[in-house]
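Listed below are the residues making up each chain.
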Amino acid sequence: MISEMTDLMEKALAAIRTWPGEQQDKAAQMLLALDRLGPAPYMASGAELAAVDEALAQTQAGQFAPSADVEAVVWRTQESDGKGPIPC
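(A) Structural detail: the overall build of the protein chain. A count of helical and extended segments in the protein chain gives 4 helices and 0 strands. Walking the protein chain from its N terminus toward its C terminus, one meets helices and strands in the order α-α-α-α. A burial count over the protein chain gives 6% of its 88 residues as buried. Of the roughly 7,800 Å² of accessible surface on the protein chain, 61% is carried by carbon and sulfur atoms.

(B) Structural detail: helix α2 (residues 21-36). Look at α2: 22 Å from first C-alpha to last across 16 residues, which is about the 22 Å you get at 1.5 Å a residue. The positive-phi residue at the C-terminal boundary of α2 is Gly-38, with phi of around 85°.

(C) A look at the pattern of salt bridges. Under the definition given, this model contains 1 salt bridge. For the salt bridge of Lys-26 with Glu-22, the shortest nitrogen-to-oxygen distance reads 3.8 Å. Here Lys-26 and its partner Glu-22 are both found in helix α2, 4 residues apart, which amounts to about one turn of the helix. Residue class for Lys-26 comes out partly exposed when judged on its relative accessible area of 41%.

Here is what the cut-offs are and how they apply
- Residues numbered from 1 in each chain as written.
- Predicted model: local features only at pLDDT ≥ 70, side-chain atom pairs only at ≥ 80, totals over all residues.
- Heavy atoms only, no water.
- Helix = DSSP H or I, 4+ residues; strand = E, 2+ residues; numbered from the N terminus.
- Buried < 20%, exposed > 50% of the residue type's maximum accessible area, 1.4 Å probe, protein only.
- Areas by Shrake-Rupley, 256 points an atom, 1.4 Å probe, with all protein chains shown as cover.
- Expected span 1.5 Å × (residues − 1).
- Salt bridge = Lys/Arg side-chain N within 4 Å of Asp/Glu carboxyl O.

Take a look at the structure:
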């Protein structure tokens with residue numbers, strides 16, 4: 001199924017074309033991550049919703065993960081075109 005891009009997407013891509021290559025790659029990685037989710041709306045599981053609730057409670061209590069821990073998770077969970085993790 002091929003559909004035309006929306007005007008907003010065309011505008012966004014036109015703007016992105018003016019960005020430096022590294023920024024273009026990051027934008028492309030975000031779009032590809034969305035594409036991997038597929039066209040159906042995402043429905044979070046009960047366990048995922050519970051984890052979100054717990055995280056919100058922790059942030060409201062001022063409890064945040066150290067930057068090094070966050071960076072380690074990002075490195076483990078993001079991939080770039082099969083070339084390995086994306087640095088933060």
